[in-house]
Amino acid sequence: MSGDDLLGQAHVRLDEAAQQLNVDHDVIEKLKYARETTQVRLMIRMDDGSRKSFLAWRCRYDDTRGPTKGGIRFHPDASVGEVEALAFWMTCKCAVMNLPYGGGKGAVQVDPRKLSKAELERLSRAYIQAFSRIIGPDRDIPAPDVYTNSMIMGWMADEYAQIVGQAVPAVITGKPIALGGSLGRGDATARGGYYLVRHLAENLGLGKSMRVAIQGFGNAGQHVARLLVADGHRIVAVSDSDGAVQSDVGLHVDMLIAAKEAGQPVASTIGQGGHQSLSAHELVGVDCDLLVPAALENMIDETNAGTVRAKLVLELANGPITPEGDTILARNGTVVLPDILANAGGVTVSYFEWVQNRQGFYWTLEEIHDRLRAIMEREGGAIWSISREKNITVRTAAYVHALSRLAEAIEAHGTQSFFMS
Ligand code: GLU
């Protein structure tokens, strides 16, 4: 699937929401296109002395509600269409959570697992050299995404400080604590989703001990597994890009995390502690109560949505279900808690980090958790009510919620505004 199709799919959701609201045509027209997308070719020196180039992008999709905000992805399949779709989702996500931000995204077309640590650092610094005039604490604020982490954000913040001649911690979030990172940013994406599920548990008729399948075992997948097990739930299947494992009585999450930390796939634990083999493509159809896509886009489509047995899907990944997949799940009575709400804990704690950097006063972990929980419950509860009142899916309700805030801001700028140009 090309990235162009991805943005088209994202717009299907916008159109569905627009039908529910009496929004001006100008608003939809404005949200259909990225405001600016810059492509560069980064050139770095490899350890063997050779030079290698990598395509890279930064998209500022929409800044009507504030500076653009969104992560930087390092992935071999990254494309301009994917970056724009992800930046569009960030625009909606920040509006859903009522954060004072627009949406952006960046990417480098690279397999970071094939680079040495020194090469990775040079690539990260080259990205900031290329985009230093686009980003800024009041303009565009990057953060981690797939295959990027706090170490990379630390190098990037350092490079930016060197370029502008002073430390500007609020230019990037998801930094190491030592450079002004926030407590609680590491597990924020998973924790936000976990608070949401807990808050809606009664409405959703969830049991005290759910069987959970998790697709993707990076930052979000590992943390959500840990949080759910601590709450008495059982992880019955997990996959990563190399394979999958299952266990009816529950997988040993610590063993899986230890394997990943040692650079091993989850399938390396097969045969230990009752872990059994499973093929990765079977994961979505595993018998479970809760399915958590925590990998990449388009993992559940018209070919496999019919196999989903879970009654609830928590989208910790961005865009894991296609519109066709959504239709099949809705027909089968599966409730989907959509990405722009379910995984918004990450950008919400990024916002807390930016606020702390600007005020120079740092919060305790308890304060971060309390504030995150309050926002997830407030916006999750509001979206749930919209979905019940209008009899629409939770995804469409989330877009309705976002679109009404975006429309209000677009209209408030005035029709002659630069923002409407
Ligand atoms: N990459 C994350 C997301 O897709 C976090 C973005 C951020 O913190 O700005 O929501």
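Draft legend 1. Local environment of the pattern of salt bridges. Enumeration according to the criterion identifies 30 salt bridges in this entry. Residue D145 pairs with R73 through a salt bridge whose shortest N-O separation is 2.7 Å. Within this pair, whereas D145 is found in the loop between β6 (140–141) and α5 (150–164), its partner R73 is found in strand β4 (residues 72–75), the two being separated by 72 residues in sequence. Note on D145: relative accessible area 17%, which makes it buried. Taking relative accessible area as the criterion, R73 reaches 1% and is therefore assigned buried. Among the charged side chains, a network of salt bridges with common partners joins R13, E315, D326, D339 and R395.

Draft legend 2. Up close: the layout of surface pockets. A volume near 410 Å³ is recorded for the second largest pocket. Breaking the lining of the second largest pocket down by element, the ones donating at least two residues are α1 (3–20), α9 (323–331), β13 (335–337) and α13 (394–413). In terms of residue count, the dominant contributor to the lining of the second largest pocket is α9 (5 residues). For the lining of the second largest pocket, a count of residues per class yields 7 nonpolar, 7 polar and 5 charged.

Draft legend 3. Layout of α9. Along α9, the residues that are buried comprise P323, G325, D326, I328 and L329. Following α9 by one or two positions, G333 has its phi on the positive side, about 80 degrees.

Draft legend 4. Up close: the site of the ligand. The ligand sits among 14 residues. The nearest are K69, K93, P144, D145 and S350. The backbone of P144 places a nitrogen or oxygen atom 2.9 Å from a nitrogen atom of the ligand. Out of a free accessible area of 290 Å², the ligand has 94% covered by protein chains. Counting residues per element, the ones that place at least two in the shell around the ligand are α3 (80–96) and α11 (345–359). Considering each element in turn, the shell around the ligand owes the most residues, 3 residues, to α11. Considering only residue class, the shell around the ligand consists of 4 nonpolar, 5 polar and 5 charged.

Calculation notes
- Residues numbered from 1 in each chain as written.
- Predicted model: local features only at pLDDT ≥ 70, side-chain atom pairs only at ≥ 80, totals over all residues.
- Heavy atoms only, no water.
- Salt bridge = Lys/Arg side-chain N within 4 Å of Asp/Glu carboxyl O.
- Helix = DSSP H or I, 4+ residues; strand = E, 2+ residues; numbered from the N terminus.
- Buried < 20%, exposed > 50% of the residue type's maximum accessible area, 1.4 Å probe, protein only.
- 1 Å grid on protein atoms, 1.4 Å probe; cavity = no way out; pocket = protein on both sides within 12 Å on 5 of 7 lines; lining within 4 Å.
- Points joined across faces, edges and corners; volume = space filled by probe spheres on them.
- Nonpolar A, V, L, I, M, F, W, Y, C, P; charged D, E, K, R; others polar.
- Near = heavy atom within 4 Å.
- Polar contact = N/O pair within 3.5 Å; in protein donor to acceptor, adjacent residues only side chain to side chain.
- Areas by Shrake-Rupley, 256 points an atom, 1.4 Å probe, with all protein chains shown as cover.

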